[in-house]
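# A closer look at the structure
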Amino acid sequence: MRGGNAISVAASARPNRHESFLAYSRYRYLWFAALIVGVAVVLYILDRPYGTRYGGTWTGYTLGVVGALMILWLTWFGYRKRSYAEAQGRLVGRLSAHVYLGLALLVIVTLHTGFHVGWNVHTLAYALMCLAIASGMLGVFCYMRYPRLMTENRGGMTMQQMLGTIATLDEQLRVAAMPLDEATAMVVERAVETSAIGQSLWRQLTRRYPGCTTAAAIVHLDAIAETVPSALEEAWSQVRVLLDEKSSLLSRVRRDISYKAMIDFWLLLHVPLSFMLLTALLAHIVSVFFLW
Amino acid sequence: MEVEVTFLTVRGSAVMRRSRRIDARRVRFGRGTGNEVQLPDIRVDLTAAALFPRSGVLTIEALGPSPLRLNGRGTRSAPIGLGDEILIGPYRIQLSEPPPGCDAALLIELVQPLGDALQRLMSQVQGGVAAVPFGKRAAAWTGFLIIALVFLAGPIIVYFVGFAPLSRAIPSDSGVMAPLVRLWEPGELSNPHRFFATNCATCHRAAFARVRDDSCFACHGGIGRHVEAATEIGGARRTLEAMQCTQCHEEHRGNRAMIVRENGLCLQCHATLAQSTPGTETSNVSGFPGHPEFRVTLVADAAGPRFERVQLGKTPPPTDHPGIKFSHAAHLVPGGFPALGYKAMACADCHTPEPAGLGFLPVTYNKQCQRCHALDFERQDLPWPNARVPHGDDVGVAAAVWNFYAGKALQGAITESQLPAITRRVPGAPTSAPASVADGPPAGNAQAWVAAKTEAALRTIVFDDKRGCAYCHLGTGPEGAFDLSSILPLGATPRAHAPGAAPGRIIAPVILRTRFLPHARFDHSKHAAVGCDECHAARKAETSAAVLIPGIENCVACHGSERAGLRAESTCLTCHRFHQPELGPMRSAGTAAQ
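The structure displayed is predicted, hence computed values, not measured ones. (Residues numbered from 1 in each chain as written. Chains lettered and ligands numbered in written order. Predicted model: local features only at pLDDT ≥ 70, side-chain atom pairs only at ≥ 80, totals over all residues. Heavy atoms only, no water.)

Residue and element names in this part refer to chain B. A sheet is described by the order of its strands in space; here five strands give the open sequence β4-β3-β5-β6-β9, paired in mixed fashion. Sheet topology places β4 (37-38) and β9 (77-79) at the edges, where each strand pairs with a single neighbour. Bridge count for strand β3 (residues 27-30) against β4 is two bridges, and the pairing is parallel. Along β4, the bridge assignment pairs Gly30 with Gln38. (Pairing = 2+ DSSP bridges. Helix = DSSP H or I, 4+ residues; strand = E, 2+ residues; numbered from the N terminus.)

This is the structure:
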């Protein structure tokens, strides 16, 4: 392939099996982060300033500068992730570094505070940083857990396939419920018209759909089970079977949606928290030197 | 097995057929291209079902997650025969009469084409986390604006504008603006500074500038210096001049005092003081422990007065020369004294604590000694009771004695020939008294008689080397003898003294020190639970030369180092101060550094 900016990586650098971003390159960035944390802890212990340890001692200033630079670098990942122009390295490597250095940041900034907290902008920046890192940890957890659960849940089907099957079942339900009485037909029609999937984020995450028309239809059919005339028994059982199938498919779809929502939701916290952290960090640095 | 497969496509009333023959052991159906019969619809599993003979009977078996529908009934595996209908997803497969040479014939028709139901369902699913009322961007902007306004712009505005425009609307002590101002506080202010906590500019006089000394001197201008201005201390003087208040005093550390107490601050100079400042009297200190033995300030010569600093713990032990004869041991006898009802004396009988509790008030004759050691005069009939010779006034003593005899002479009627009936003579005194006494007064000279009696009394009683004042005091003569030459001899006529001449001293000056370690601060009230005897060996002190101040080994029994855990934590500041007010102000307004 010609061109200086070929975005091709030598085949030998790509592993043949899936390599988790945590284990990337034999945990290279875990060791790097552990090294940084170790140096910071040793520095903190060895330095015994007059008065108390806090952000204004030599160690405090060093850790603060390092922490601030790390925060900027970590935030830069958000830009690089979305940029097509970047040709250096692989995104999974950058992600691995982002995760481990984000965890190291927690230790470094905690040492920088000297364990002093109060109701002020400095602790606000620290708290926002902790929340951002916590939301990041949530993200790591989600990506560790949910993809496998999604795969197991789908059982080889795609979302389109599941939804397509639901659409098919809807058609079949329409036909099968025709001989039944008005009330039942109306209930079945309502079950077919709308399917309770998606909707608000809360519903997506908790998979609770109190107004699910399919569940209501099942309840109705079970209620009339005793009173169905024998001529309609076959139709009843057909409708019942179809509704069961649809219900199980619906729950599979909802589960898939909830996993997807979890995988996206943590970023909804992580990104605004990061920007709030940047603002609070700026306020913290300005205030420290304004009232030096 | 050979199977003929025909795909039917119905368009209106026209039916199109497409047939082919498959020869395979098993005929698999699915949307994947590897199947013998591909059913290209998303609703079909990749490998949905397989058709094969089982024990001679054609069987259909579901291979994918979705069940099949055989003649309307869901099933996963079942034998099939002619006329059966199988629904795999939206496809209907009918078994029809096989042509010759085939085992089976299948008619496959797509009976449920995808309508817009699928589109609708897909759109429901694709919402995802966009279903929240606000997205990441809006949340990030909102958060940024709130924080920037409240935590960045707000305090800056308040710093520059102050409260002036607001103070008319809001009472100044209502504290309403306090929370906004204190958002930038890195820690609470020390207690004494909280009354200006809302006015940062009190100390932070300029933005982006460190707090300088002039901020502190606005209120603490008279703070004392550390070393006398005139003393030559070499390079250390520059160091002291260049020091900033904030090097030792840190603010915003909460309620506790602002002073940094670490020994290291002091040891920066005091560990090598003898090398950096040659000729200094101050010994090097390396810490605590590491503090040299105490040096007590004693009276070398009360007459000078001359003082000296002597290190404790040496042999011979240091001696004090207060100029008084006193034995603690004799006073602290267990049996007590008749005058005090035979109750043993205690330290507090003579040593009264200062009001602040730091040390003790000076011991004086009038307050402490006079109770038992009154200077009563002879028990002669006098017009007034309880005659006493004044204490502390040498000439007054002589005058009192002279006045007594003068009074006696007056009482006895003024005749030259009369002599008092009793001639007092001290046992052991020379029988030939000074001439003017033994032979009686010269005719008609009462003045001479008074003078003679006075002189005798002064020489033999009052100012005798073994009694009278000598009970406690020393004289100004050689070896502490009394030198009476300034008042004696008393002639018949008073001699003329130069006007304004100072009376000569007969009793040697006495200096009873109250502070033996003037460079340190020992607070007795903090040690009130410790008995006097535990530190001061007074019961064994038989003379006033004994120095009762204990050495440092007495202190380290309870006091430990800077980070002691099993003893009282002690730093330099526990006993010493940096600022000595008695040396004058550290900086004048004009020389406030930088």
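Note: β3 of chain B against strand β5 (residues 49-54) of chain B, three bridges, orientation antiparallel. Counted as the bridge partner of Val27 of chain B is Leu51 of chain B from β5 of chain B.

The next subject is the packing of helix α5 (residues 159-176) of chain A against helix α1 (residues 116-125) of chain B. Axis separation between α5 of chain A and α1 of chain B bottoms out at 9 Å; the angle between their running directions is 130 degrees. Our classification of the angle between α5 of chain A and α1 of chain B gives oblique. Crossing angle aside, the handedness with which α5 of chain A passes α1 of chain B is right-handed. Contact residues: Met159, Gln160, Leu163, Gly164, Ile166 and Ala167 of chain A in α5 of chain A; Ala117, Leu118, Leu121, Met122 and Val125 of chain B in α1 of chain B. Tallied by class, the residues present in the contact of α5 of chain A with α1 of chain B amount to nine nonpolar, two polar and no charged. (Axes fitted to C-alpha atoms, helices over the stretch in contact; angles between N-to-C directions. Parallel < 35°, antiparallel > 145°, perpendicular 65-115°, else oblique. Left-handed = near helix turned anticlockwise from the far one by under 90°. Contact = heavy atoms within 4.5 Å. Nonpolar A, V, L, I, M, F, W, Y, C, P; charged D, E, K, R; others polar.)

All names here are of chain A. A grouping of Tyr27, Leu30 and Trp31 is seen on the molecular surface, where their side chains present a nonpolar patch of about 350 Å² in accessible area. Topologically, Tyr27 is positioned in helix α1 (residues 24-46). Using a relative accessible area of 40% as the deciding quantity, one classes Tyr27 as partly exposed. (Patch = residues over 30% accessible without salt bridge, like charges linked within 9 Å, V, L, I, M, F, W, Y side chains within 5 Å. Areas by Shrake-Rupley, 256 points an atom, 1.4 Å probe, with all protein chains shown as cover. Salt bridge = Lys/Arg side-chain N within 4 Å of Asp/Glu carboxyl O. Buried < 20%, exposed > 50% of the residue type's maximum accessible area, 1.4 Å probe, protein only.)

Turning our eyes to something else, we now look at the domain arrangement of chain A. Residues and elements named next belong to chain A. Per the domain assignment, the segments making up chain A are domain 1 (19-154 + 264-291) and domain 2 (159-262). For domain 1 and domain 2, the distance between their C-alpha centroids amounts to 47 Å. At the junction of the two partners, domain 1 supplies 11 residues and domain 2 supplies 11 residues. With both sides pooled, the region where domain 1 packs onto domain 2 buries about 1100 Å², and carbon together with sulfur makes up 57% of that total. Across the contact surface, domain 1 and domain 2 share two salt bridges. (Domains from an automatic or database assignment. Buried area = accessible area lost by both parts, 1.4 Å probe.)

What follows covers the nonpolar core. Ranked by internal contacts, the top residues of the largest apolar core, which has 43 residues, are Leu22, Met70, Leu105, Leu128 and Met129 of chain A together with Phe151 and Trp184 of chain B. Residue assignment for this core shows that the elements contributing at least two residues are α1, α2 (58-81), α3 (91-113), α4 (121-154) and α9 (233-290) of chain A together with α2 (136-161) of chain B. Counting residues per element, this core draws most heavily on α3 of chain A, at nine residues. Sequence-distant contacts of Leu105 of chain A, defined by excluding residues within four places in its chain, comprise Gly67, Met70, Ile71, Leu74, Met129 and Ile133 of chain A. (Core = buried A, V, L, I, M, F, W, Y, C linked by side-chain atoms within 4.5 Å.)

Right, let's talk about the sheet that holds strand β10 (residues 85-88) of chain B for a bit. Residues and elements named next belong to chain B. Strands sit in the order β2-β1-β12-β11-β10-β7-β8 across an open sheet of seven strands; the sheet is mixed. The open sheet terminates on both sides in strands that have one partner only, identified here as β2 (14-23) and β8 (73-75). Geometrically, the sheet is characterised by an average inter-axis angle of 25 degrees between neighbouring strands, direction not taken into account.

Before going further, it helps to spend a moment on the interface of chain A and chain B. Interfaces are frequently sized by the accessible area removed from exposure as the parts join. Counting residues at the interface gives 62 residues for chain A, matched by 63 residues for chain B. Buried surface at the junction of chain A and chain B, both sides included, amounts to about 5200 Å², of which 65% is carbon and sulfur. Per-residue buried area on chain A facing chain B is highest for Tyr50, Phe290 and Trp292 of chain A; these three make up 16% of the total on that side. If you look at where chain A meets chain B, you find two salt bridges. Between Arg73 of chain B and Glu234 of chain A there is a salt bridge whose closest N-O contact spans 3.7 Å. On inspection of chain A and its partner chain B, the count reaches 17 residue pairs in polar contact (both at pLDDT 80 or more). Of all the secondary structure elements, the ones that give two or more residues to the side of chain A that touches chain B are α4, α5, α6 (182-193), α7 (201-206) and α9 of chain A. No other element matches the 22 residues that α9 of chain A contributes to the side of chain A that touches chain B. Looking at side-chain class alone, the side of chain A that touches chain B contains 34 nonpolar, 22 polar and six charged residues. (Polar contact = N/O pair within 3.5 Å; in protein donor to acceptor, adjacent residues only side chain to side chain.)

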